[in-house]
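# Observations on chain architecture
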Amino acid sequence: MYLPRKEQFHTFEETTSGVFGLFDTPAQIIEAAKKTKDKGYTGFDCFTPYPVHGLDDAMGLPRSGLPWVTFFMGLFGCITGFGMQYLTHKYDWPLNISGKSLNAWFAYIPITFEFTVFMAGVSTAVAMFILTKLPKTNRKVLHPDITTDKFALWIPSHSANYSESSVTEFIKGLGSKYVETVK
């Protein structure tokens, strides 16, 4: 069974120094991520122009915790939406309309559904902004081709086993066409 764990709610620590290499295809970046994880580097990241299936597994990232936020806030919205209508019609403003009972639950379905979707969607967006620490207005562009038509592997300077020369040679050995050190 899939249970929530603390590491699912990790935040990305952005650094301003490290080494990155550019790759041409999704297969190359997946293979580079696997080898980087196997080499023991930590805190590395991959930048892609579109989602690449299997990249998070290759990087060794845990499954995101956002589905838990969505589920529990959707459940909260469902209970609140239904409860608000039930309590209003049963206790606060009991009107007998066309001889229906005061708990006509089938009439509550549209509002309950809409409030469930609203709470799940808004809280998921807010949680995503909090976990990713967005918006980031002071980010510098590493290379103009990153996320345009190239795939990048970034190994930050705070990574385990980091040595600028060894990381540069490692990324070149992965088949990167362009490697740059950022300080």
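A brief look at the structure comes next. All figures in this text were calculated on a predicted structure; none of them were measured in a lab. (Residues numbered from 1 in each chain as written. Predicted model: local features only at pLDDT ≥ 70, side-chain atom pairs only at ≥ 80, totals over all residues. Heavy atoms only, no water.)

### A look at the side chain of Ser176
- Positionally, Ser176 belongs in the loop between helix 5 (164-173) and strand 4 (178-182).
- At 2.9 Å, the side chain of Ser176 and the backbone oxygen of Tyr178 are in polar contact.
- Not counting chain neighbours up to four residues away, the residues in contact with Ser176 comprise Gly21, Leu22, Phe23 and Ile171. (Helix = DSSP H or I, 4+ residues; strand = E, 2+ residues; numbered from the N terminus. Polar contact = N/O pair within 3.5 Å; in protein donor to acceptor, adjacent residues only side chain to side chain. Contact = heavy atoms within 4.5 Å.)

### Some thoughts on the packing of aromatic side chains
- Evaluated as defined, the whole model comprises nine aromatic pairs.
- Aromatic side chains Phe71 and Phe72 sit 5.1 Å apart centroid to centroid with 70° between the ring planes, which places their arrangement in the edge-to-face category.
- Using a relative accessible area of 46% as the deciding quantity, one classes Phe72 as partly exposed.
- Between Phe82 and Tyr108, the aromatic rings sit 5.4 Å apart at their centres with planes inclined by 70°, giving edge-to-face as the arrangement. You can see Phe82 sitting in helix 3 (residues 66-92) and its partner Tyr108 sitting in the loop between helix 3 and helix 4 (109-131), a full 26 residues away along the chain.
- The exposure class assigned to Phe82 is partly exposed, which follows from its relative accessible area of 31%. (Phe/Tyr/Trp six-rings, centres within 6.5 Å; stacked < 30°, edge-to-face > 60°. Buried < 20%, exposed > 50% of the residue type's maximum accessible area, 1.4 Å probe, protein only.)

### Details of the nonpolar core
- One finds Phe23, Ile29, Leu55, Leu153, Ile155 and Ile171 to be the most contacted residues of the largest nonpolar core, which totals 20 residues.
- Within the residue set of this core, elements represented by two or more residues are strand 1 (18-23), helix 1 (26-39), helix 2 (55-59), strand 3 (151-156) and helix 5.
- The leading source of residues in this core is helix 1, at four residues.
- If you look at the next biggest cluster of nonpolar residues, it comprises six residues, including Phe20, Leu22, Ala152 and Trp154. (Core = buried A, V, L, I, M, F, W, Y, C linked by side-chain atoms within 4.5 Å.)

### A few points about helix 3
- With 27 residues, helix 3 ought to run about 39 Å at 1.5 Å a step, and its terminal C-alpha atoms sit 36 Å apart, in line with that.
- Of the positions making up helix 3, those classed as buried are Leu66, Trp68, Gly74, Gly77, Gly81, Gly83 and Gln85.
- Looking at the packing, one finds that the buried side of helix 3 touches helix 4. (Expected span 1.5 Å × (residues − 1).)

### Comments concerning the sheet that holds strand 2 (residues 45-47)
- Strand order in the open sheet formed by four strands is 2-3-1-4, with antiparallel pairing between adjacent strands. Across the chains shown, the open sheet's two edge strands, defined by having one partner strand only, are strand 2 and strand 4. For this sheet, the mean inter-axis angle between neighbouring strands, taken without regard to orientation, is 20°.
- The pairing of strand 2 with strand 3 spans three bridges and is antiparallel. Residue pairing for strand 3: Cys46 is matched across the bridge by Leu153.
- Where helix 5 meets the sheet, its contacts fall on strand 1, strand 3 and strand 4, and the angle it forms with strand 1 comes to roughly 10°. (Pairing = 2+ DSSP bridges. Axes fitted to C-alpha atoms, helices over the stretch in contact; angles between N-to-C directions.)

### Topic: a nonpolar patch on the surface
- Together, Phe71, Phe72, Leu75 and Ile79 give the surface a local cluster of nonpolar side chains, amounting to about 410 Å² of exposed area.
- By the element assignment, Phe71 lies in helix 3. (Patch = residues over 30% accessible without salt bridge, like charges linked within 9 Å, V, L, I, M, F, W, Y side chains within 5 Å. Areas by Shrake-Rupley, 256 points an atom, 1.4 Å probe, with all protein chains shown as cover. Salt bridge = Lys/Arg side-chain N within 4 Å of Asp/Glu carboxyl O.)

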